[in-house]
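# A closer look at the structure
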Amino acid sequence: MNDIACKIFDDLNEITLNEVNAFIAQSSKASIYQNPYWVRLEKEKKITFYNIIFYKDNIIVGFAILRGKKVPIINRYIYQCVRGPVANDEAILKDIIKAIATSLSSLKPICITISPYWQDDAAKRLQSYSESLGYVDVQQYGDLHDVTLTIDLSKTSDEILMTFRQTTRYEIKKASRLGLEVVPCSSDSDFNLFYSIYAKTASRKKFKIYDYEQLYNSWKWLLENPDFGVLFISKYKGDVLSGALILKHGCRAVYTIGASSAGIHKGISQNQLVQWHCIEWAKSAGCELYDLGGYYPGEGYEALKKANTFKLGFSDQLHQLFRRHTIVYSKLLYHVYILVQKVLRK
């Protein structure tokens, strides 16, 4: 690498942790999934974590958290670098991508999957470069989104509101006029009601659901660390109708989970006002960009057609993100692993 050094840590001491967090907090390419504080929520799972810090002239220029699952008998690991590695400079990120492909054999990888949070032309260039090193595109249905809609938060709130479709603005004003209350979720009882709605929404739309304990622990952590995100819920006449979880990824906020009840208080739109509160929260938190959490064009996404239409009411700024790419360290063991996974799924 061009004068870039890396250090691998099982865990980070408090001083290094604060340095990494400061680097992530100012980055427009960061992800909460590459935040050491957030990752600690996953410590009880059977996952091996490695923190890799990349330095240039003793200054942090990149960071990656690898999540590794040990494959039984083989005694090797499948690693995921979710929405990472993080780097602000494209040339430096290329060096990091190359290092991940060539310099981590000591971690006993079968393969390592990356998905840095870059978009559009830069993402295409980085994908092409990755593929020239031997990375393979493995993006599939159910993965974190690779196409999304965004909102520029540098504008005033009134200017942002006027970029929405007329019907969306109307539903926001109507819900507010009818008395729909939108508040941060702050009690276990409200969280349980939200989770029940969320589970039904996930089943209805056929998307992956977070288990109760994982989502509950994440929400509790956000109550203690409100700079990283918030769970909003809407209430009407004593009933919890809907909700949305927003996570702050450096300078970007992402609509991560949404839920809405079906067949109750049909005369009032449940989601538009919630989403507006999320956008205003992101702006007040100093975010530069609001990511609407994915847009799903093409075949196979029929169940998400309404979600697409809903999001288009807030933005038509479509972006292609870096798709998940895997570098294989051992082709034989990788093919064995894939074969075993296919058998287990049957």
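Predicted model, so just to flag it, every value in this text is computed and none were measured.

In globular proteins that are soluble, nonpolar side chains generally tend to be buried together. Counting residues in each nonpolar core, the largest one holds 38 residues, and the members touching the most others are Phe63, Phe191, Phe194 and Leu215. Core analysis: the second largest hydrophobic core is formed by 33 residues, Ile160, Tyr236, Ile268 and Tyr290 among them.

This part covers the sheet that holds strand β12 (residues 252–260). Strand pairing in a sheet takes place through backbone hydrogen bonds and is either antiparallel or parallel in direction. Strands sit in the order β9-β10-β11-β12-β13-β8-β14 across an open sheet of 7 strands; the sheet is mixed. If you trace the sheet from one side to the other, it starts and ends with β9 (181–184) and β14 (318–320), each paired once. Taken over all neighbouring pairs, the strand axes of this sheet differ in orientation by 30° on average, direction set aside.

Topologically, Lys173 is positioned in helix α6 (residues 166–178). The spatial distance from the C-alpha of Lys173 to the C-alpha of Asp120 is 34 Å, given a sequence separation of 53 residues.

On to the pairing of strand β10 (residues 229–236). Across the 8 residues that make up β10, a large majority, 7, are buried. Direction of pairing for β10 relative to strand β11 (residues 239–249): antiparallel, over a ladder of 8 bridges. Residue Tyr236 lies in a different strand from β11, and its bridge partner there is Asp239. In this antiparallel pair of consecutive strands, β10 and β11, the connection spans 2 residues, and Lys237 shows a positive phi of 50°.

You can see Gln275 is positioned in helix α9 (residues 272–284). Judged by its relative accessible area of 1%, Gln275 falls in the buried class. For Gln275, the contacting residues outside a window of four places in its chain are Tyr255, Tyr290, Leu292, Phe310 and Phe314.

Another point: the packing of aromatic side chains. Applying the stated rule across the entire model yields 17 aromatic pairs. Geometrically, the ring pair formed by Phe191 and Tyr212 is edge-to-face, given 5.6 Å between the ring centres and 70° between the ring planes. Here the residue Phe191 occupies a position in helix α7 (residues 188–205), and Tyr212 occupies one in helix α8 (residues 212–224), the gap between them amounting to 21 residues. By way of ring pairs, the aromatic residues Phe191, Phe194, Tyr195, Tyr198, Tyr212, Tyr216 and Trp219 are connected into one cluster. Against the face of Tyr129 rests Lys94, its NZ or CZ located 5.5 Å from the ring centre. Stacked on the ring of Tyr117, the Lys or Arg Arg252 has its end atom at 3.6 Å from the ring centre.

Attention now moves to the pairing of strand β3 (residues 59–71). Each regular strand shows side chains that alternate between the opposite faces of the sheet. Of all 13 residues that make up β3, 10 are buried, and the element is covered over most of its length. The pairing of strand β2 (residues 48–56) with β3 spans 9 bridges and is antiparallel. Of the residues in β3, the one forming a bridge with Ile52 is Ala64. In this structure, the hairpin formed by β2 and β3 is closed by a connection of 2 residues, where Asp57 is found at a positive phi of approximately 55°. Strand direction decides the pairing type here: β3 and strand β5 (residues 86–87), joined by 2 bridges, are antiparallel. Bridge pairing links Phe63 to Val86 in β5. Pairing of β3 with strand β4 (residues 76–81) involves 5 bridges; the strand directions are antiparallel. Along β4, the bridge assignment pairs Arg67 with Gln80.

Cut-offs used in this document
Every chain begins its residue count from 1, and numbering advances along the sequence as written. Residue-level local features of this predicted model are given only where pLDDT is at least 70; pairs of side-chain atoms are given and counted only at 80 or more, and the full residue set underlies all totals for whole chains, interfaces and linings. Side-chain measures were taken over the full set of non-hydrogen atoms in the model, leaving aside hydrogen atoms and water. Throughout this description, the term nonpolar core refers to a set of buried Ala, Val, Leu, Ile, Met, Phe, Trp, Tyr and Cys residues connected via side-chain atoms within 4.5 Å. Only protein chains enter the accessibility calculation, which uses a 1.4 Å probe; a residue whose area is less than 20% of its type maximum is buried, one above 50% is exposed, and one in between is partly exposed. Any two strands between which DSSP finds at least two bridges are classified as paired. The helix and strand labels rest on DSSP assignments: H or I over at least four residues marks a helix, E over at least two residues marks a strand, and numbering proceeds from the N terminus. The axes used here are C-alpha line fits, helices contributing only the stretch in contact, and every angle between their N-to-C directions lies in the interval 0 to 180 degrees. The contact rule is simple, with two residues in contact once any of their heavy atoms fall within 4.5 Å. Ring pairs shown here join Phe, Tyr and Trp side chains whose ring centres sit within 6.5 Å, with only the six-membered ring taken for Trp; geometry is labelled stacked below 30 degrees between planes, edge-to-face above 60, and tilted in between. Put simply, a charge is over a ring when the Lys NZ or the Arg CZ is close to the ring centre, within 6 Å, and near the line of the ring normal, within 35 degrees.

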